[in-house]
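Observations on the three-dimensional arrangement
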Amino acid sequence: MPINVSAVQKALSPNPFCLIATTKPDGDTNLMALSWWTFVSNQPATIAVCLSKKGFSGELIKNTSEFTLSVVGDELKSAAFSCGTCTGRKVNKAKEFGIELVNSLIVKTKIVKALKVALECKVINSVDVNDHIMFIAEIVEAHINPEVSHLYAFNGYANLSTI
Ligand SMILES: Cc1cc2nc3c(=O)[nH]c(=O)nc-3n(C[C@H](O)[C@H](O)[C@H](O)COP(=O)(O)O)c2cc1C
């Protein structure tokens, strides 16, 4: 019997949620919704993110070896979810959904202004994991805004809300 992984993921909700920003060849920013990330080392601070091989963002990370991860506030509830419903190959998501971006301090890729936490990341390795690629990346800068209450993914990944 195949494992019903979506039932397991629903049972474990709420799940983490963030926006991954990447830089396109023309210098514009692409955004995607992502739940599958985790810390994997403290020193140096390192995270892993898992991106579907079908998406545009993985291609962009392969090209530039960097990305930013922004955990965002309630004000982006609808806009951030929309970033998980279409591809940056066709849509300029930041513009279309009204998500304001600001410059990072170290990497070229921007971060989301409405941040609770934003991590500037440089890729150090990648692992082919069947239908996804796991990028392992060092955090080279971190931004925190303790005032913001941030979004999680509920009912698996069906909707976003704060806790
Ligand atoms: C709540 C939520 C969580 C998601 N988590 C992931 C994830 O962890 N990994 C992934 O590859 N796609 C995830 N997605 C789907 C991508 O965001 C979606 O395929 C997106 O269209 C990819 O955009 P891109 O082609 O511009 O990279 C998630 C979508 C939503 C709505």
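Residues numbered from 1 in each chain as written. Predicted model: local features only at pLDDT ≥ 70, side-chain atom pairs only at ≥ 80, totals over all residues. Heavy atoms only, no water.

**A few points about the site of the ligand**
In the neighbourhood of the ligand, 22 residues make up the surrounding shell, with Ala33, Ser52, Ser57, Cys86 and Thr87 lying closest. In the model, a nitrogen atom of the ligand is placed 3.0 Å from a nitrogen or oxygen of the Cys50 main chain. Between Gly88 and the ligand, the recorded distance is 2.8 Å, taken from a backbone N or O atom to an oxygen atom. For the ligand, the accessible surface in isolation is 650 Å², of which the surrounding protein chains cover 85%. (Near = heavy atom within 4 Å. Polar contact = N/O pair within 3.5 Å; in protein donor to acceptor, adjacent residues only side chain to side chain. Areas by Shrake-Rupley, 256 points an atom, 1.4 Å probe, with all protein chains shown as cover.)

**Description of the state of the cysteines**
Summed over the entire model, instances satisfying the criterion amount to 0 disulfides. Of the cysteine sulfurs around Cys50, a residue in no disulfide, the closest is that of Cys18, at 11 Å. Residue Cys50 is classed as partly exposed on the basis of its relative accessible area, which comes to 21%. Cys83 takes part in no disulfide bond, and the closest cysteine sulfur, belonging to Cys86, lies 6.8 Å away. (Disulfide = S-S within 2.5 Å. Buried < 20%, exposed > 50% of the residue type's maximum accessible area, 1.4 Å probe, protein only.)

**A look at the sheet that holds strand β1 (residues 18–23)**
Strands belonging to one sheet form pairs held by backbone hydrogen bonds; the direction of such a pair is parallel or antiparallel. Spatial strand order, β2-β1-β5-β8-β9-β4-β3: 7 strands in an open sheet with antiparallel pairing. The open sheet is flanked by β2 (29–34) and β3 (37–41), the only strands paired with a single partner. Sheet twist, expressed as the average angle between the axes of neighbouring strands with direction ignored, equals 35°. Strand direction decides the pairing type here: β3 and strand β4 (residues 46–52), joined by 4 bridges, are antiparallel. (Pairing = 2+ DSSP bridges. Helix = DSSP H or I, 4+ residues; strand = E, 2+ residues; numbered from the N terminus. Axes fitted to C-alpha atoms, helices over the stretch in contact; angles between N-to-C directions.)

**Observations concerning the confidence of the model for the chain**
Of the residues in the chain, 100% have a pLDDT of 70 or more, and the chain-wide mean is 98. Mean pLDDT values for the elements of the chain range from 96 in helix α1 (residues 5–11) up to 99 in β1. (pLDDT = per-residue confidence, 0-100.)

**Comments concerning the pattern of salt bridges**
Throughout the structure, instances matching the rule amount to 3 salt bridges. Taking the shortest distance from any N to any O, the salt bridge between Arg89 and Glu59 comes out at 2.7 Å. In this pair, Arg89 sits in the loop between α3 (77–82) and α4 (93–97) while Glu59 sits in helix α2 (residues 56–64), placing the two residues 30 residues apart along the sequence. Looking at Arg89, the relative accessible area reads 42%, which means it is partly exposed. The class of Glu59 is partly exposed, set by a relative accessible area of 41%. (Salt bridge = Lys/Arg side-chain N within 4 Å of Asp/Glu carboxyl O.)

**Notes on the side chain of Ser70**
Counting through the fold element by element, Ser70 comes out in strand β5 (residues 66–72). Under the relative-accessibility criterion, Ser70 is labelled buried at 1%. Within the structure, the side chain of Ser70 is placed 3.2 Å from the backbone nitrogen of Val112, a separation counted as a polar contact.

**Brief notes about unusual backbone geometry**
For the bond running from Ser13 to Pro14, omega is 5°, close enough to zero to count as cis. Mapped onto the elements, Pro14 comes out in the loop between α1 and β1. The phi dihedral of Ser65 is positive, around 60°, even though this residue is not glycine. Along the chain, the position of Ser65 falls in the loop between α2 and β5. We classify Ser65 as partly exposed; its relative accessible area is 37%. For Asn130, which is not glycine, the phi torsion reads 60° and is therefore positive. Residue position: Asn130 is located in the loop between β8 (115–129) and β9 (132–144). Since its relative accessible area comes to 65%, Asn130 is described here as exposed.

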